[in-house]
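Spelled out from the first residue to the last, the chains are:
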Amino acid sequence: MRSLKLVFLLLFFAVIYNGCKSEDSINNSVSVPVDTTGFVYPFDIGNYWNYENVSTVSDIRPDSIAHFFSEYPLYGGGIMRIVKDTLMNGETTRQFVDSYTQDSVTFTSKIYYIQSDTALIQYAYSIYASSGIFPRQKNNLHLKFSGRETNSPIELLLQFKISASNIPMDTLIFENPTPQALRYPIVTNHQWIYRNFEQSILTKKYLQFENLGIGHLTISCIKTEFKWSTIDDMEAYQYYTKYGKLKDYLYLNDVMVTNEFGHILGTIDIKEITNVTSFHVAEIMP
């Protein structure tokens with residue numbers, strides 16, 4: 001009988017211990033992302049964002065073409081700065097300057113925005129103050145994806161990020177119509193047309209709030225989908241916060257690899273991730 005009482009006593013303490021352990025687990029869990037719908041993009045001159053970038057090639061099929069992509073993953077980094085106000089066609093725009101460095105070479109792009117009560121509007125842009133940001137792919141390889149063709153994975157990613165193809169580097173492009181990079185207020189599940197082409201529509205959609213960690217900060221952000229209506233094998237997300245855009249994700253699945261004669265050699269997957277590592281924002285919006 002004494003041994004039986006001892007068993008019940010041990011079970012009783014075990015239940016109490018497990019209950020306390022469970023409570024500790026709940027108390028120490030990561031906080032739920034905060035719905036910060038009131039924020040707008042921090043637009044003060046002097047704000048800047050340092051970032052790191054990695055581009056990878058994976059799922060290479062067949063293995064015999066893997067040596068063509070031996071230099072991957074590629075790493076780079078840069079800084080995005082809000083520099084000044086610029087008058088364009090009678091409109092006051094704010095100039096963002098993006099300086100990106102890879103393999104000890106720095107390339108510069110400029111984007112011009114207008115901020116209103118209802119949207120962050122992209123007015124104009126120029127791509128890279130250089131004849132080409134990356135060396136063209138060696139061995140006369142060509143990459144084809146959704147009707148576009150380039151000679152390197154990063155050039156292909158660039159086309160789907162800015163919606164531009166066959167545009168000379170350093171050319172100042174005026175947007176017509178002007179796309180809305182963000183819409184205010186930021187409401188989950190809200191979707192809008194970012195660019196409307198005859199053959200395809202490019203949309204953006206606020207999906208849900210998520211937490212991002214930067215240094216010692218845990219920051220609530222709105223995960224925003226960037227999607228072409230005619231492309232299923234692509235994933236693209238941007239993460240916006242009251243501190244600005246803090247992350248970019250772009251993935252292309254089953255990109256076709258051909259030689260200079262158009263003969264198919266195989267397929268690859270291409271991914272690019274950009275993460276802000278530190279930033280300075282002069283005025284934090286609520």
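For the structure, see preceding data.
A brief structural summary. (Residues numbered from 1 in each chain as written. Predicted model: local features only at pLDDT ≥ 70, side-chain atom pairs only at ≥ 80, totals over all residues. Heavy atoms only, no water.)

### Thoughts on the overall build of the protein
Stated precisely, the cut-off is as follows: Strands are runs of DSSP state E lasting at least two residues, helices are runs of H or I lasting at least four, and both sets are numbered from the N terminus onward. Note on definitions: a residue-residue contact is assigned when non-hydrogen atoms from the two residues lie within 4.5 Å. All accessibility values rest on the Shrake-Rupley procedure with a 1.4 Å probe; residue burial counts only the protein chains present in the view.
Scanning the protein from terminus to terminus reveals two helices and 15 strands. For the protein, restricting intrachain contacts to residue pairs at least 6 apart in sequence, the fraction spanning at least 24 positions comes to 55%. For the protein, the accessible surface area stands at approximately 15,700 Å², while carbon and sulfur atoms represent 53% of it.

### Quick look at unusual backbone geometry
Residue Pro-62 is reached from Arg-61 by a cis peptide bond, and omega for that bond is -5°. Mapped onto the secondary structure, Pro-62 falls in the loop between strand E1 (48-61) and strand E2 (74-88). Looking along the chain, the bond that leaves Tyr-72 and enters Pro-73 is cis, with omega of 5°. Among the structural elements, Pro-73 can be located in the loop between E1 and E2. Here Asp-103, not a glycine, exhibits a phi torsion of approximately 55°, which is positive. Positive phi, close to 50°, is recorded for Ser-146, a residue that is not glycine.

### What to know about the nonpolar core
To keep things clear, this is the line we draw: As used here, the term nonpolar core means buried Ala, Val, Leu, Ile, Met, Phe, Trp, Tyr and Cys residues forming a set that is joined through side-chain atoms within 4.5 Å. Exposure classes here rest on a 1.4 Å probe applied to the protein chains alone. A residue is buried below 20% of its type maximum, exposed above 50%, and partly exposed in between.
With 40 residues, the main nonpolar core has Tyr-41, Trp-49, Phe-96 and Leu-120 as its most contacted residues. Take this core: its biggest share by element is five residues, from strand E11 (residues 201-214). Contacts of Leu-120, omitting those with residues within four sequence positions, involve Tyr-41, Phe-43, Tyr-113, Ile-114, Gln-115, Pro-179, Gln-180, Ala-181, Leu-182 and Tyr-184. Judged by nonpolar contacts, the second largest core, of 27 residues, contains Ile-65, Leu-74, Leu-157 and Ile-270.

### Describing the pattern of salt bridges
Note the cut-off: Salt bridge, as applied in this entry: a Lys or Arg side-chain nitrogen positioned within 4 Å of an Asp or Glu carboxyl oxygen.
Tallying each qualifying case throughout the model produces six salt bridges. For Arg-61, the salt bridge identified is with Asp-59, shortest N-O distance 2.3 Å. Accessibility expressed as a relative area gives 26% for Arg-61, which makes it partly exposed. Overlapping salt bridges bring together Asp-59, Arg-61 and Asp-254 as one network.

### Quick word on the pairing of strand E5 (residues 119-126)
This is how the line gets drawn: Pairing between strands is defined by DSSP: at least two bridges between them are needed.
Burial within E5 is extensive, with eight of its eight residues counted as buried. Bridging between strand E4 (residues 105-115) and E5 involves six bridges; their strand directions are antiparallel. Its bridge partner being in E5, Gln-115 is matched across the sheet by Leu-120. Two strands pair when backbone bridges link them, and E5 and strand E9 (residues 180-183) are joined in this way by three bridges, in the antiparallel orientation. Residue Ile-121 lies in a different strand from E9, and its bridge partner there is Gln-180. Here E5 pairs with strand E8 (residues 172-174) via three bridges, running antiparallel.

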